[in-house]
Amino acid sequence: MGSAKNTSTASRQARIEELRRAERNRERRNRILVIAASTVVVAGLVAGGVVLVKSQSDKKDTASDSKATSGHFVTGTDGVKTWKGSLARNHVTKTVSYPMEPPVGGDHNQVWMNCNGDVYAKAVDNMNAVHSLEHGAVWITYNSKAPEADVKALAAKVKKTPYTLMSPVEDQKDPIMLSAWGKQRAVTGASDKNVDAFLSEFVQGKQTPEPGAACTNGLAQ
């Protein structure tokens, strides 16, 4: 009888242990399901956030595009052309089409071209150069019609002048042109007195939207 009791006790303990194992297994499965479900939810939230951010970014770019630079140049008695109209200043990722070449302002890339007396042998992106103009730089540009001697002389001048940059722009109207934010003029050559006059007035001049902003640590070729 005692043996039967012992057998029954052992059987009961074995059953209890089996139930405990089953409960532990069930809890483990539930935890896995909860973690999996949480992962799916988090992934969905992240994906939704990315879509929302992208959507907001696209809307921002679209909004920026809707504020396209508009207006026209008015030439002063000193020969300097001043843009009369709107010059948007949004940072955008899409390509901007400017109504003038080289551009003197408008929406632009968030990264500026280095303009601490930087001379570029190849064309630079207008969108980066416009950002440099926003910082108060003067951009000297030339095309294939510009005499080589003038290009070299201007490059030497730029290298000695902070807040300037120089690069070729083949599609511009005149062989040598000087641009600042909202300002532009053509010059006859490196010895033209208007070169120094333009630099003196517009390097970090009153037209600068962001005076003192950096012309280093930007983009370089």
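Presented here is a report on the structure given in the accompanying data block. (Residues numbered from 1 in each chain as written. Predicted model: local features only at pLDDT ≥ 70, side-chain atom pairs only at ≥ 80, totals over all residues. Heavy atoms only, no water.)

**Re the overall build of the protein**
The line we're drawing: Helix and strand definitions here come from DSSP, where helices need a minimum of 4 consecutive H or I residues and strands a minimum of 2 consecutive E residues; each element is numbered from the N-terminal end. For each residue, the accessible area found with a 1.4 Å probe, counting protein chains only, is set against the maximum for its type, and the residue is called buried under 20%, exposed over 50%, and partly exposed in between. Contact between two residues is taken to exist if any of their heavy atoms lie within 4.5 Å; hydrogens are not considered.
Counting its regular elements, the protein contains four helices and seven strands. Counting over 221 residues, the protein shows a buried share of 38%. Considering only intrachain contacts with a sequence separation of at least 6, the fraction spanning at least 24 residues in the protein is 67%.

**Describing the pattern of salt bridges**
Operational definition: Note on definitions: salt bridges are taken to be side-chain nitrogens of Lys or Arg within 4 Å of carboxyl oxygens of Asp or Glu.
In total, this model carries four salt bridges according to the counting rule given. Ionic pairing is found between Arg89 and Glu134, a salt bridge with its closest N-O pair at 2.8 Å. Of this pair, Arg89 sits in the loop between β2 (81–86) and β3 (116–119) while Glu134 is found in helix α2 (residues 126–134), placing the two residues 45 residues apart along the sequence.

**Side note on the environment of Gly79**
With respect to the element layout, Gly79 can be found in the loop between β1 (70–75) and β2. Expressed as a C-alpha distance, the spacing of Gly79 and Ala186, which sit 107 residues apart in the sequence, is 8.3 Å. Residues in contact with Gly79, not counting those within four places in the same chain, are Gln184 and Arg185.

**Side note on the sheet that holds strand β5 (residues 164–168)**
The cut-off we apply is this: One bridge is not enough; two strands pair if DSSP finds at least two bridges between them. Note on definitions: angles span 0 to 180 degrees between N-to-C directions of axes, and those axes are lines fitted to C-alpha atoms, for helices only across the stretch in contact.
The sheet built from seven strands is open, its strands ordered β1-β2-β7-β6-β4-β5-β3 with mixed pairing. Edge positions in the sheet fall to β1 and β3, since each has one partner strand and no second. Taking the axes of each pair of neighbouring strands and ignoring which way they run, one obtains an average angle of 20° across the sheet. As defined by bridge partners, β1 adjoins β2 across six bridges and the pair is classed as antiparallel. Looking at β2, one finds that Thr75 is bridged to Lys81. Set on the sheet, α2 makes contact with β4 (138–142), β5 and β6 (176–180); between it and β4 the angle comes to about 140°.

**Observations regarding the environment of Gly136**
With respect to the helices and strands, Gly136 occurs in the loop between α2 and β4. Between the alpha carbons of Gly136 and Val203 there is a distance of 5.8 Å; along the sequence they are 67 residues apart. Among all residues touching Gly136, those that are not within four sequence positions of it are Tyr163, Phe202, Val203, Gln204 and Thr208.

**Things to note about the nonpolar core**
Put simply, the rule reads: Side-chain atoms within 4.5 Å link the members of a nonpolar core, which is a set of buried Ala, Val, Leu, Ile, Met, Phe, Trp, Tyr and Cys residues.
The biggest cluster of nonpolar side chains holds 42 residues, and the ones touching the most others in it are Val138, Trp139, Ile140, Leu154, Leu165, Met166 and Phe198. Sorting the residues of this core by element identifies α2, β4, α3 (148–159), β5, β6 and α4 (193–202) as the ones contributing at least two each. With residues near it in sequence (within four places) discarded, Met166 still touches Asp118, Val119, Tyr120, Trp139, Ile140, Tyr142, Val151, Leu154, Ala155 and Val158.

**What about the state of the cysteines?**
Each disulfide consists of a covalent bond between the sulfur atoms of two cysteine residues. Keep this limit in mind: Disulfide assignment relies on a single distance test, namely cysteine sulfur atoms paired within 2.5 Å.
Within this structure, the stated rule accounts for one disulfide. Paired by a disulfide, Cys115 and Cys215 hold their sulfur atoms 1.7 Å apart. Taking the torsion about the sulfur-sulfur bond, which here is approximately -95°, the covalent link between Cys115 and Cys215 counts as left-handed. Residue Cys115 is found in the loop between β2 and β3, and its partner Cys215 is found in the segment after α4; the two are separated by 100 residues along the sequence.

**Digging into α3**
The condition is simple: The length a helix should cover is 1.5 Å for every residue beyond the first. By construction, the arc corresponds to the directions joining the helix axis to the C-beta atoms.
Its twelve residues give α3 an end-to-end C-alpha distance of 17 Å, which sits within 8% of 16 Å, the value for a rise of 1.5 Å per residue. Listed as buried for α3 are Asp150, Val151, Leu154, Ala155 and Val158. For α3, the arc enclosing every buried residue in end-on projection is 135°, short of the 170-degree limit, so these residues lie on one face. Across α3 from its buried face, at more than 90 degrees, point the exposed residues Ala149, Lys152 and Lys159. Where α3 is buried, its residues meet β3, β4, β5, β6 and α4.

**What to know about the packing of aromatic side chains**
For clarity, the threshold we go by: Pairing of aromatic rings covers Phe, Tyr and Trp, the last counted by its six-membered ring, and requires centre-to-centre distances within 6.5 Å; plane angles under 30 degrees mean stacked, over 60 mean edge-to-face, and any other angle means tilted. Should the NZ of a Lys or the CZ of an Arg lie within 6 Å of a ring centre and within 35 degrees of the ring normal, that charge is described as sitting over the ring.
Under the counting rule described, the total for this entry stands at two aromatic pairs. When the centroid spacing of 5.0 Å and the interplanar angle of 85° are considered together, the rings of Phe73 and Trp83 count as edge-to-face. Of the two residues, Phe73 sits in strand β1 while Trp83 sits in strand β2, which places them ten residues apart along the sequence. Look at Phe198 and Phe202: their rings are 4.7 Å apart centre to centre, the planes differ by 55°, and that puts the pair in the tilted class. Separated by four residues within a single helix, Phe198 and Phe202 lie in helix α4, roughly one turn from each other. Across the pair, exposure class does not vary: Phe198 and Phe202 are buried alike. Between the NZ or CZ atom of Lys81 and the centre of the ring of Phe73, over which it lies, the distance is 4.8 Å.

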